[in-house]
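Here is what each chain is made of, one letter per residue.
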Amino acid sequence: AHVIPLKTGLEGPFPWRALLVMSDETSIKRADRMRADFLANASHELRTPLASLAGFIETLRGHAREDIGARDRFLSIMQDQTERMRRLIDDLLSLSRVEMDEHLPPSDEVDVAAIARDTVDVLGPIAREKGVMIEADADERAIVTGQRDQLIEVAQNLVENAIKYSVSGSRVVIEVRGGLTREQAEHSSHSLGNQAARVTIAVPSGSASGQAKRRFAVIRVRDAGVGIERRHLPRLSERFYRVDGQKSGPKEGTGLGLAIVKHIVSRHRGGFVVESAQGEGSVFSVFLPMPVEKPAIQEAGPARS
Ligand code: ADP
């Protein structure tokens, strides 16, 4: 039905009109498809722990009723599965909130250096439990126009991952720098050497001339953990994407953390670079535009003596 108007449109006086309709419809179909995929994935992810819970309830009602040892073991697995469902639901809600706000420009003045220091305080105990050292290198203020709770979520997600994929005895550093050019923001980390692969995941949009003058604040989270194989890097921020066979301990991830980070960063008109070398570690750098400084107003008139 849509091929005929397109053909007529192309021959008519306003061919671009017909083309516009086509591309619109394609993007609507793509969006529908993505929503359907997302629902299917989300349901599948929730169904797995639910099926396991149902199975254990059945067993506990049946032959494990009298076996105290088995009962304790099963209850502890059930607790883990319940915890996993809670994490999934929290992350799904968080992602949907972030997506809903994506078109609203954030407006608070936020110091990301303070967020980095707070993140170390909040996640320090989890790191220590795993034998991972964690420190902030964020002494100077770095102000961006943003939404504070969302930027906290970005810092916490990146540091949580860094801890989760670190080995005991290694170090995680969250560093913040302000006043960088786009080039410096995207390319200033060389801590992993030449072997590391690098991918830019979200790129700040806006006019080229505006971007050239812009200064950025960077939140950089560095770990000396398991690292990520090059082929996985471009897909890390897809919803539910996880690297196979990567053991992350009892607090298993949902595959939604970096999707949330990506949406928040793009709402802030920022960008996001991942560098990694397998077996050496990873560096996740988020860069956020700083407010443009207005030129100081010159005082007119003669100076008073
Ligand atoms: P998850 O909840 O599984 O950690 P994320 O979206 O936060 O989900 O991350 C997606 C995947 O990227 C993870 O499952 C993991 O395989 C990989 N990943 C993320 N951060 C790191 C890191 N610092 N080191 C190694 N792998 C990481």
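The rules behind the values
- Residues numbered from 1 in each chain as written.
- Predicted model: local features only at pLDDT ≥ 70, side-chain atom pairs only at ≥ 80, totals over all residues.
- Heavy atoms only, no water.
- Helix = DSSP H or I, 4+ residues; strand = E, 2+ residues; numbered from the N terminus.
- Buried < 20%, exposed > 50% of the residue type's maximum accessible area, 1.4 Å probe, protein only.
- Pairing = 2+ DSSP bridges.
- Axes fitted to C-alpha atoms, helices over the stretch in contact; angles between N-to-C directions.
- Contact = heavy atoms within 4.5 Å.
- Expected span 1.5 Å × (residues − 1).
- Polar contact = N/O pair within 3.5 Å; in protein donor to acceptor, adjacent residues only side chain to side chain.
- Phe/Tyr/Trp six-rings, centres within 6.5 Å; stacked < 30°, edge-to-face > 60°.

(A) Layout of unusual backbone geometry. Its identity is not glycine, yet Phe240 carries a phi of approximately 70 degrees, on the positive side. Relative to the helices and strands, Phe240 resides in the loop between β6 (216-223) and α8 (257-267). The class for Phe240 is buried, based on a relative accessible area of 11%. For Arg269, which is not a glycine, the phi torsion comes out positive at approximately 60 degrees. Note on placement: Arg269 falls in the loop between α8 and β7 (271-277).

(B) Region of interest: the sheet that holds β6. Ordered in space as β2-β4-β6-β8-β7-β5, the six strands form an open sheet in which the pairing is mixed. Two strands in the sheet have a free side with no partner beyond their single neighbour: β2 (133-137) and β5 (197-202). Mean inter-strand twist for the sheet, computed between neighbouring axes without regard to direction, equals 15 degrees. Two elements, β2 and strand β4 (residues 171-180), share five bridges in a ladder whose sense is parallel. Counterpart to Glu135 in the pairing with β4 is Val173. Helix α4 (residues 112-129) contacts β2, β4, β6 and β8 (281-289) of the sheet and is inclined by roughly 170 degrees relative to β2. Strands in contact with α8 are β5, β7 and β8; relative to β7, the strand with the most contacts, it is inclined by about 145 degrees.

(C) Summary view of helix α3 (residues 68-100). Look at α3: 48 Å from first C-alpha to last across 33 residues, which is about the 48 Å you get at 1.5 Å a residue. Among the residues of α3, those classed as buried are Ala70, Phe74, Met78, Arg84, Met85, Arg87, Leu88, Asp91, Leu92, Ser94, Leu95 and Val98. Taking the backbone nitrogen of Gly69 as reference, a side-chain oxygen 3.2 Å away marks Asp67 as the first, capping residue of α3.

(D) Looking closely at the packing of aromatic side chains. Scanning the model with the defined rule gives four aromatic pairs in all. Ring centres of Phe216 and Phe287 lie 5.7 Å apart, and the angle between their planes is 80 degrees; on these two criteria the pair is classed as edge-to-face. Of this pair, Phe216 sits in strand β6 while Phe287 sits in strand β8, and the two are 71 residues apart along the sequence. Each of the two residues, Phe216 as well as Phe287, counts as buried.

Bear in mind that shape data such as this cannot, by itself, settle questions of function.
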